[in-house]
Amino acid sequence: QEESCNIYSVMDGKGEIDHTIVFSGHADSSWLWQMAAKNPKTMILRTVYGVVGVVSIIVCSLIRMYILYSSTSVMRTISVIGDLRTTVLELILYIIPLLFIPGIYSLCIYLSHDKKKASPGAMDNLTGVGASIFMGKYFKENPDKLPDNCRVIIASLGSEEAGLKGSEAFMKAHAGDKDLLINPYFFNIDSLRDYEHFNAVKGDSWLMSKFDDDMKNMLVKAFENAGVKPNIIVNPVGGCDSTPICRAGYKTITFAAQKPDVTDYYHTYRDTCDGLDMNTLEKSVDIIIDVTEQIHEHHKKNGYKLTKCK
């Protein structure tokens with residue numbers, strides 16, 4: 001609920017700028033998922049169990065109200081406990097919600113604890129912000145590596161975990177800003193930790209978004225050049241900062257090196273720096289630099305065209 005902000009810096013290469021590469025990471029972290037820290041294998045099951053339980057209470061309550069106030073309560077003639085005015089159906093309606101009490105309790109734990117107790121956020125997403133800042137440092141110390149006619153923007157975006165608000169605000173402020181975003185390629189970096197899971201995230205399933213195919217293919221090629229297994233995935237839960245960007249009509253892809261499952265370090269108190277893998281971070285930098293070079297060459301050859309981005 002606190003106010004956040006976006007911070008970004010601009011660097012221009014030699015010559016007239018005809019394309020832009022934006023490296024971005026989100027600066028906030030999630031609230032603590034206590035159930036994931038305790039047992040990540042059962043978190044989703046217990047959460048769904050709780051949601052179904054809440055729905056069952058609502059449905060059973062509506063049916064009971066209908067029985068009580070309906071003028072044609074046929075089922076009320078089926079007596080099951082002496083002279084008590086109860087029915088088989090009514091008894092079932094009382095029992096069903098009781099079966100879901102454990103799940104409802106788990107759901108309450110997930111939703112009601114103090115949201116200010118955030119996860120440390122080392123992987124998600126200090127690594128993404130750090131990698132973006134590194135690229136700024138890399139080009140500053142090696143100006144010959146900054147492609148000609150290319151603008152580089154290093155961006156730290158706020159409030160991703162609160163509903164992609166930072167990237168939405170950035171797009172609201174700059175979509176159509178041809179003085180800043182000249183044929184922009186947005187390279188979003190989100191969570192770098194797991195060496196066996198280098199992922200090109202091509203869309204958000206919940207938000208029904210699909211990112212740019214050209215940038216996806218460039219990222220996959222960079223994986224192959226780096227000698228790591230390429231994985232092409234759709235973000236299974238939530239969303240990432242590429243969605244507001246692609247909906248604004250720009251080319252984007254999200255890069256992650258993270259096991260795409262609920263783990264005891266994703267959005268929990270275990271997401272600390274001592275859990276990061278330096279080999280993953282070093283390899284990620286090599287991949288980001290490779291994609292940067294590919295974007296420059298792609299733009300010189302093909303210009304700026306969206307491919308299946310919505």
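Just above, that's the structure.
Residues numbered from 1 in each chain as written. Predicted model: local features only at pLDDT ≥ 70, side-chain atom pairs only at ≥ 80, totals over all residues. Heavy atoms only, no water.

A.B. asks: Let's hear about empty space enclosed by the protein: which residues, and what values?
C.D. replies: On inspection of all chains with the given rule, the structure shows one cavity of 30 Å³ or more. Computed from the structure, the largest cavity encloses a volume of approximately 50 Å³. Along the walls of the largest cavity sit Met135, Tyr138, Phe139, Lys145, Ile289, Thr292 and Glu293, which together make up its complete lining. Broken down by secondary-structure element, the contributors of at least two residues to the lining of the largest cavity are helix H5 (122-141) and helix H9 (278-302). Of the residues belonging to the lining of the largest cavity, the class tally is four nonpolar, one polar and two charged. (1 Å grid on protein atoms, 1.4 Å probe; cavity = no way out; pocket = protein on both sides within 12 Å on 5 of 7 lines; lining within 4 Å. Points joined across faces, edges and corners; volume = space filled by probe spheres on them. Helix = DSSP H or I, 4+ residues; strand = E, 2+ residues; numbered from the N terminus. Nonpolar A, V, L, I, M, F, W, Y, C, P; charged D, E, K, R; others polar.)

A.B. asks: Account for helix H2 (residues 40-69), with residues named and values stated.
C.D. replies: End to end, H2 covers 45 Å across 30 residues, agreeing with the expected 44 Å (1.5 Å per residue, within 8%). Along H2, the residues classified as buried are Met43, Thr47, Gly50, Gly53, Ser56, Cys60, Arg64 and Ile67. (Expected span 1.5 Å × (residues − 1). Buried < 20%, exposed > 50% of the residue type's maximum accessible area, 1.4 Å probe, protein only.)

A.B. asks: Requested: an account of the state of the cysteines, with residues and values cited.
C.D. replies: Taken as a whole and assessed by the stated rule, the structure comprises zero disulfides. Summary of cysteine pairing: Cys60 is not part of a disulfide, and the nearest cysteine sulfur, belonging to Cys108, is at 17 Å. As a non-bridged cysteine, Cys240 has Cys246 as the owner of its nearest cysteine sulfur, 8.6 Å distant. (Disulfide = S-S within 2.5 Å.)

A.B. asks: Account for the layout of surface pockets, naming residues and giving values.
C.D. replies: Taken as a whole, the largest pocket holds about 920 Å³ of empty space. Lining the largest pocket are 37 residues; nearest its centre among them are Trp33, Val237, Gly238, Tyr266 and His267. Only H2, strand E4 (184-192), strand E5 (198-204), strand E7 (230-235) and strand E8 (251-257) provide two or more residues apiece to the lining of the largest pocket. In terms of residues, the lining of the largest pocket owes the most to one element, H2, which gives five residues. Each residue belonging to the lining of the largest pocket can be placed in one class, and the counts come to 19 nonpolar, 12 polar and six charged.

A.B. asks: Now, about the environment of Gly136: what can you tell me, with residues and values included?
C.D. replies: Here Gly136 lies in helix H5. Given a relative accessible area of 10%, Gly136 falls into the buried group. Leaving out residues up to four positions away in the same chain, Gly136 has contacts with Met11 and Ile154. (Contact = heavy atoms within 4.5 Å.)

A.B. asks: Any chance you could break down the packing of H2 against helix H3 (residues 88-98) for me, citing the residues and the numbers?
C.D. replies: The geometry of H2 relative to H3 is characterised by a closest axis approach of 9 Å and an angle of 160 degrees between their N-to-C directions. By the angle between their axes, H2 is roughly antiparallel relative to H3. At the point where H2 passes H3, the crossing takes the left-handed sense. Each of Ser56, Ile57, Cys60, Ile63, Arg64 and Ile67 in H2 lies in contact with H3, whose residues at this interface are Leu89, Glu90, Leu93, Tyr94, Ile96 and Pro97. (Axes fitted to C-alpha atoms, helices over the stretch in contact; angles between N-to-C directions. Parallel < 35°, antiparallel > 145°, perpendicular 65-115°, else oblique. Left-handed = near helix turned anticlockwise from the far one by under 90°.)

A.B. asks: Before we move on, could you go through the packing of aromatic side chains and cite the residues and values that matter?
C.D. replies: A full pass over the atoms with the stated rule returns 14 aromatic pairs. Centre to centre, the rings of Phe223 and Phe255 are 5.7 Å apart; their planes meet at 50 degrees, and the pair counts as tilted. Residue Phe223 is found in helix H7 (residues 213-226), and its partner Phe255 is found in strand E8; the two are separated by 32 residues along the sequence. Across the pair, exposure class does not vary: Phe223 and Phe255 are buried alike. Cation over ring: Arg193 sits above Tyr265, and NZ or CZ is 3.6 Å from the ring centre. Above the ring of Tyr304, the side-chain terminus of Lys251 is found at 6.0 Å from the ring centroid. (Phe/Tyr/Trp six-rings, centres within 6.5 Å; stacked < 30°, edge-to-face > 60°. Lys NZ or Arg CZ within 6 Å of the ring centre and 35° of its normal.)

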